[in-house]
Amino acid sequence: MIRHTGIVLALLLMCHWLPAADRPNVLFIAIDDLRPQLACYGQTSMHTPNIDALASRGVLFERAYCMVPTCGASRASLFTSIRPAPNRFVTHLAWAEKDAPGILPLHTHFKNNGYTTISLGKILHQINDHADGWSEPAWRSKQSGYQNVEAMREAIAENKRSWPNKNKHRGPAFEASESSDADHPDGDCINQAVRYLEGFARSPDQPFFLAVGLLKPHLPFNAPQKYFDLYDFDKIDVPDNYELPTDLPPRAVHNSGELRAYAGIHPSKPVDRLTARKLIHGYYACVSFADANVGKLLRSLKRLHLADNTIVVLWGDHGWQLGEHGMWNKHSCFETSMHAPLIVAAPSQTDVQPGTRTAALTEFIDIYPSLCDLAGLPTPDHVQGNSFAPLMKDPSRSGKPFAIGRFGTGDTIRTDQLRYSEYIDKNQFVGSMLYDHTADPGENHDIRSDRPKVSKELAESLREHKGK
């Protein structure tokens, strides 16, 4: 069955009534660990001119949510448009083809419809996941993530001496270097992507699906010094809620285990204020580094006269905690982990106002059917997301009534005003939390005891609609 608004164009394409050159290309930009720490999302102190420019010519989704706040699971769910479950899309090591066997992933669907599909950098977490859906083997840079390798080795050695009982021993959590952008894996990836765009420009009748995955701002926060220089360290401070809550379910908070592996980070104590500020500085620098790489890619798209027939999708695979609630990384059901940026520019949608913003709730499983609509392809029956293409034309539409996600033993539901999360371990209810985002956008005051009826209703909706 063919669904959604692209039905007529989809039928024409299937019947080959339109030349291949009229099919829109897709530039699919995935950015690891990028929360909405962007000027276009209201973070005006951030230097992100290129992503902001993309938002000014496309549609910015103000409230887009990942399905699982860890990379492998988030990406596998997005590429299949299947909801996560306690035994599906669980960790950062998730495989789409193993957790959802027989499901046609996004890139394979485009390949089956005549697209050249290319994966550069980190797209699906497992490089061989659904490998047959790419026209060529997925590519990743071999550049070192650290520029001062000797300093990295010494930091690892010191990490082992100081805390021999850590599960892992990594190098410094941040590095500012005098190296060029191209010396870093992401800069190398963008140069590779530009080379592919140049090749596509020489064959304009062949549509492409080019997926480009940037690593930064994922830890370690390594970037050229010039991106650190964009921010005044003296003006950087920890968030107001830089304290670990004490009145929440035990599974709701974590000890920032991913960060603890890095040199200079104590294995269990709270991160001291100075180190926290340096980490935030590094994250900001890496966001600007990612922005510069996006800019180079988009300028090449325009220079090669591909922009007018290319759908651009930019998304962060999940949110990230910069000390909120005393936590770092992702791996929680808080808004800071679940909320991520999503920007889509589709030049073929001539009735979409450039710079459109929509506050409608959107889930990452919606990206698959939306791209089918925008490209005029049939939408497979298995997808569990809904196309947001109508929202791009009319951002005032109500959109979804809720967005659902999960992590570990927790399941969470976000409505227009509220976020409710509950934790079930070994079939036993452990606890829950409820936040009013109108009065408390930082999720600092749990109100579940004040509004038991609302908590019960949201719990019922969550259990009815979450992945099984």
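Preceding this paragraph is the structure being described.
Attention here is on the structure that accompanies the text. Note that this is a predicted model, so its numbers are computed, not measured.

## Some points on unusual backbone geometry
Then comes step 1: Each neighbour pair has its own omega, and for Lys-216 with Pro-217 the value is 20°, a cis peptide bond.
Then comes step 2: Assignment of secondary structure puts Pro-217 in the loop between β5 (208-214) and β6 (221-224).
Then comes step 3: Here the amide bond leading from Leu-219 into Pro-220 is cis, since omega sits at -10°, within 30 degrees of zero.
Then comes step 4: Notably, Asp-33 is not glycine yet its phi reads approximately 65°, a positive angle.
Then comes step 5: Locating Asp-33 in the fold gives a position in the loop between β1 (25-31) and α2 (49-57).
Then comes step 6: Relative accessible area serves as the criterion here: at 0%, Asp-33 is assigned to the buried category.
Then comes step 7: The backbone of His-130 sits at a positive phi, close to 50°, despite the residue not being glycine.
Then comes step 8: Tracing the sequence through the fold places His-130 in the loop between β3 (116-121) and α6 (149-162).

## A word on helix α10 (residues 273-303)
Then comes step 1: For α10, built from 31 residues, the straight-helix expectation of 45 Å at 1.5 Å per residue is met to within 8% by its first-to-last C-alpha distance of 45 Å.
Then comes step 2: Counting buried residues in α10 gives 24 out of 31 residues, a clear majority hidden from the surface.
Then comes step 3: Regarding α10, its N-cap is Asp-272, as a side-chain oxygen of that residue lies 3.2 Å from the backbone nitrogen of Leu-274 further along.
Then comes step 4: Looking at the residues trailing α10, positive phi occurs at His-305, about 60°.

## Description of the nonpolar core
Then comes step 1: Ranked by internal contacts, the top residues of the largest apolar core, which has 67 residues, are Leu-27, Ile-31, Leu-197, Leu-210 and Trp-328.
Then comes step 2: Dropping the residues within four chain positions of it, Ile-31 is found in contact with Ile-51, Arg-75, Leu-214, Lys-216, Pro-217, Ala-290, Val-294, Leu-314, Trp-315, Gly-316 and Asp-317.
Then comes step 3: Residues Leu-78, Ile-103, Ala-375 and Met-392 belong to the second largest nonpolar core, which totals 54 residues.

## Here's the deal with the pairing of strand β16 (residues 428-436)
Then comes step 1: As paired elements, strand β15 (residues 418-425) and β16 share eight bridges and run antiparallel to each other. The residue of β16 that forms the bridge with Asp-425 is Gln-428.

## A few points about the side chain of Gln-321
Then comes step 1: Here Gln-321 lies in strand β8 (residues 321-322).
Then comes step 2: With a relative accessible area of 0%, Gln-321 lands in the buried category.
Then comes step 3: Among the polar contacts listed, one links the side chain of Gln-321 to the side chain of Ser-332, at a separation of 2.5 Å.
Then comes step 4: In contact with Gln-321, other than residues within four places in its own chain, are Arg-35, His-254, Met-327, Trp-328, Asn-329, Lys-330, Ser-332, Thr-336 and Ser-337.

## Digging into the pattern of salt bridges
Then comes step 1: On inspection of all chains with the given rule, the structure shows 26 salt bridges.
Then comes step 2: A salt bridge links Lys-330 to Asp-33; the shortest N-O distance between them is 3.1 Å. Of this pair, Lys-330 sits in the loop between β9 (328-329) and α11 (335-338) while Asp-33 sits in the loop between β1 and α2, and the two are 297 residues apart along the sequence. In this pair, the class of Lys-330 matches that of Asp-33, namely buried.
Then comes step 3: Put simply, Asp-32, Arg-75, Lys-122 and Asp-317 are held in one network by salt bridges that share partners.

## Brief notes about the packing of helix α7 (residues 185-201) against α10
Then comes step 1: Direction vectors running N to C along α7 and α10 enclose 10°, while the axes themselves pass 10 Å from each other. In terms of orientation, α7 lies roughly parallel with respect to α10. Mapping the contact onto sequence places Asp-186, Gly-187, Ile-190, Asn-191, Ala-193, Val-194, Leu-197 and Glu-198 in α7 and Phe-289, Asn-293, Lys-296, Leu-297, Ser-300, Leu-301 and Arg-303 in α10.
Then comes step 2: When the residues that make up the contact of α7 with α10 are grouped by side-chain class, the tally is seven nonpolar, four polar and four charged.

## What to know about α2
Three- or four-residue spacings in an α-helix give side chains the same orientation, since the helix completes a turn every 3.6 residues.
Then comes step 1: Within the span of α2, buried status applies to Asn-50, Ile-51, Leu-54 and Ala-55. Axial view of α2: buried residues confined to an arc of 145°, hence all on one face.
Then comes step 2: Looking at the buried residues of α2, the elements they touch are β1, β2 (59-65), α10, β7 (310-316) and β11 (342-345).

## Re the packing of aromatic side chains
Then comes step 1: One pass over the full model with this rule turns up 16 aromatic pairs.
Then comes step 2: Each ring, one from Phe-28 and one from Trp-315, has its centre 5.6 Å from the other, and the planes form 55°; the classification is tilted. Placement of the pair is Phe-28 in strand β1 and Trp-315 in strand β7, with a sequence separation of 287 residues. Per residue, the accessibility class of Phe-28 equals that of Trp-315, and both read buried.
Then comes step 3: The interplanar angle of 75° and the centroid separation of 4.9 Å between the aromatic rings of Phe-110 and Tyr-115 together place this pair among those described as edge-to-face. Each member of the pair, Phe-110 together with Tyr-115, is buried.
Then comes step 4: Chaining the aromatic ring pairs together yields one cluster made of Phe-28, Phe-79, Phe-110, Tyr-115, Phe-209, Trp-315 and Phe-364.
Then comes step 5: Between the NZ or CZ atom of Lys-98 and the centre of the ring of Trp-95, over which it lies, the distance is 4.2 Å.
Then comes step 6: For Arg-277, the ring lying beneath its charged end belongs to Phe-233, and the centroid distance is 4.2 Å.

Conventions used here
Residues numbered from 1 in each chain as written. Predicted model: local features only at pLDDT ≥ 70, side-chain atom pairs only at ≥ 80, totals over all residues. Heavy atoms only, no water. Helix = DSSP H or I, 4+ residues; strand = E, 2+ residues; numbered from the N terminus. Buried < 20%, exposed > 50% of the residue type's maximum accessible area, 1.4 Å probe, protein only. Expected span 1.5 Å × (residues − 1). Polar contact = N/O pair within 3.5 Å; in protein donor to acceptor, adjacent residues only side chain to side chain. Core = buried A, V, L, I, M, F, W, Y, C linked by side-chain atoms within 4.5 Å. Contact = heavy atoms within 4.5 Å. Pairing = 2+ DSSP bridges. Salt bridge = Lys/Arg side-chain N within 4 Å of Asp/Glu carboxyl O. Axes fitted to C-alpha atoms, helices over the stretch in contact; angles between N-to-C directions. Parallel < 35°, antiparallel > 145°, perpendicular 65-115°, else oblique. Nonpolar A, V, L, I, M, F, W, Y, C, P; charged D, E, K, R; others polar. Arc of directions from axis to C-beta. Phe/Tyr/Trp six-rings, centres within 6.5 Å; stacked < 30°, edge-to-face > 60°. Lys NZ or Arg CZ within 6 Å of the ring centre and 35° of its normal.

Geometry only, nothing functional implied.
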